[in-house]
Number of protein chains: 2
Amino acid sequence: MRRDVFQAIADPTRRAIIALIAMQAMTPNALAEHFDTSRQAVSKHLRILTECQLVKQEQTGREIYYHFNPGQMKAVADFIEPFRQMWETKFDQLDKVLSTIKKKKR
Amino acid sequence: MRRDVFQAIADPTRRAIIALIAMQAMTPNALAEHFDTSRQAVSKHLRILTECQLVKQEQTGREIYYHFNPGQMKAVADFIEPFRQMWETKFDQLDKVLSTIKKKKR
DNA sequence: TATTTGTGAAACCAAATAGTTGCGAATATA
DNA sequence: TATATTCGCAACTATTTGGTTTCACAAATA
């Protein structure tokens, strides 16, 4: 079973879960209220997020609060960072084109 | 059919393809030589990458060179950027713990 | 012209995925 | 104690995914 951060954030529901608990730790039930799906489905997503350590649990009584654990996000950052300059350069080139057009209009 | 950048980079082979063609544009055959898989399988990955605009084609004769198109990567960067400070803070806290341990050893 | 080369696309298959339903365990509450 | 709440886990299902095999088409080459 593949369990890496890239696969974890591939699902839009899981990205939404991350965004929610990054703001505030929540229980599965509280999370499920934000989505049009069952508590069990959210629980499954939480399990996947837990397995790749994007999320950690904190049990208080019978409730389990899920916290966001940002450390693993670094793997994603490390992957895209080498390309950052490429897309920023690209925008620079677009700016050049736009300014060229502007000049021609004069 | 879901075709977003997050789903595209979820597959390790596709991430490797991106890393390769980011260095230099390549044909499907040339790409396939780098992997333990068929040219057709690579072609399918390229199709997915093309559909979410992470890659663009340039036909010269009967060969098709695939170029990396970094623009869409920004979506991924935008998603993880809000968390950057969180994991960097985390590392700071780790540093604190480590330095505390160091002090105790003295 | 006939053949080889480079390619995308379709058909098919096994495995993974996201979801549901139905439990049982543990904690809280009457 | 009896009941309700919160939750994880297992079984099952439909869909998606990554891969192979086969094919057709266009460009290069003999």
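Structure: above.
Below: a short report on this structure. Please read these numbers as outputs of a predicted model, since none were measured by experiment.

A few words now on the protein's contact with DNA strand C. As a structural note, the neighbourhood of DNA strand C is formed by 23 residues, with Ser38(A), Lys44(A), His45(A), Ser43(B) and Tyr66(B) the closest of them. At the protein interface, 61% of the atoms of DNA strand C within 4 Å belong to sugar or phosphate. Measuring from a phosphate oxygen of DNA strand C, one finds a side-chain N or O atom of Ser38(A) at 2.7 Å. Of all the elements in the fold, those that place two or more residues in the surface near DNA strand C are helix 4 (39-51) of chain A together with helix 3 (28-32), helix 4 (39-51) and strand 2 (63-68) of chain B. Element by element, the count of residues in the surface near DNA strand C is highest for helix 4 of chain A, at five residues. Split by residue class, the surface near DNA strand C holds six nonpolar, 10 polar and seven charged.

This brings us to the packing of aromatic side chains. For the structure shown, the criterion picks out six aromatic pairs over all chains. Taken together, a centroid distance of 5.6 Å and an interplanar angle of 85° make the contact between Phe6(A) and Phe79(A) edge-to-face. Note that Phe6(A) is positioned in helix 1 (residues 5-8) and Phe79(A) in helix 5 (residues 73-105), a separation of 73 residues in sequence. Exposure class is identical for Phe6(A) and Phe79(A). Each is buried. Consider the rings of Phe79(A) and Phe83(A), whose centres lie 5.5 Å apart with planes at 80°: the pair is edge-to-face. Placement of the pair is Phe79(A) and Phe83(A) together in helix 5, with a separation of four residues, close to one helical turn. A residue is classified by how much of its surface remains accessible, and Phe79(A), at 13% relative accessible area, is buried. Of the residues examined, Phe83(A) reaches a relative accessible area of 7% and is grouped as buried. The residue whose ring lies beneath Arg15(B) is Phe6(A), and the NZ or CZ to ring-centre distance is 3.9 Å.

All names here are of chain A. As defined by bridge partners, strand 1 (residues 55-60) adjoins strand 2 (residues 63-68) across six bridges and the pair is classed as antiparallel. Residue pairing for strand 2: threonine 60 is matched across the bridge by glutamate 63. In this antiparallel pair of consecutive strands, strand 1 and strand 2, the connection spans two residues, and glycine 61 shows a positive phi of 65°.

Moving on, we come to the interface of chain B and chain A. Tallying the contact residues gives 29 residues for chain B and 29 residues for chain A. Across the chain B/chain A interface, buried area totals approximately 2,500 Å², and carbon plus sulfur atoms make up 76% of it. On the surface where chain B and chain A come into contact, there are three salt bridges. Taking the shortest distance from any N to any O, the salt bridge between Glu81(B) and Arg84(A) comes out at 3.3 Å. Counting residues per element, the ones that place at least two in the side of chain B that touches chain A are helix 1 (5-8), helix 2 (12-23) and helix 5 (73-105) of chain B. No other element matches helix 5 of chain B, which puts 13 residues into the side of chain B that touches chain A. A class-by-class count of the residues in the side of chain B that touches chain A yields 18 nonpolar, three polar and eight charged.

Quick notes on the rules
Sequence order sets the numbering: in each chain, residues are counted from 1 along the sequence as written. Lettering for chains starts from A, numbering for ligands starts from 1, and both go in the order in which the items are written. At least 70 in pLDDT is required for a residue's local features to be given in this predicted model, at least 80 for side-chain atom pairs to be given and counted, and no such filter applies to totals for whole chains, interfaces and linings, which use all residues. Heavy atoms from the whole structure form the basis of all side-chain values; hydrogens and water molecules are not counted. Nearness is defined per residue: one heavy atom within 4 Å of the molecule or strand is enough. Two N or O atoms form a polar contact when they lie within 3.5 Å of each other; inside protein one atom must be a possible hydrogen donor and the other a possible acceptor, and for residues adjacent in sequence the pair counts only when both atoms belong to side chains. A run of DSSP states H or I qualifies as a helix once it reaches four residues; a run of E qualifies as a strand once it reaches two. Both are numbered from the N-terminal end. When residues are grouped by polarity, Ala, Val, Leu, Ile, Met, Phe, Trp, Tyr, Cys and Pro land in nonpolar, Asp, Glu, Lys and Arg in charged, and all others, Gly among them, in polar. In summary, the pairing rule links any two rings of Phe, Tyr or Trp, Trp by its six-membered ring, whose centres are within 6.5 Å, and it sorts them by plane angle into stacked for under 30 degrees, edge-to-face for over 60 and tilted for everything else. To sort residues, take the accessible area from a 1.4 Å probe on protein chains only and compare it with the maximum for the residue type: under 20% means buried, over 50% means exposed, and anything in between is partly exposed. Remark: a charge is flagged as sitting over a ring if the NZ atom of Lys or the CZ atom of Arg is within 6 Å of the ring centre and within 35 degrees of the ring normal. Following DSSP output, two strands are said to pair if at least two bridges run between them. What makes two residues a contact is simply this: any of their non-hydrogen atoms within 4.5 Å. Summed over both partners, the accessible area lost on bringing two parts together, with a 1.4 Å probe, is the buried area. A side-chain nitrogen of Lys or Arg and a carboxyl oxygen of Asp or Glu constitute a salt bridge if their distance falls within 4 Å.

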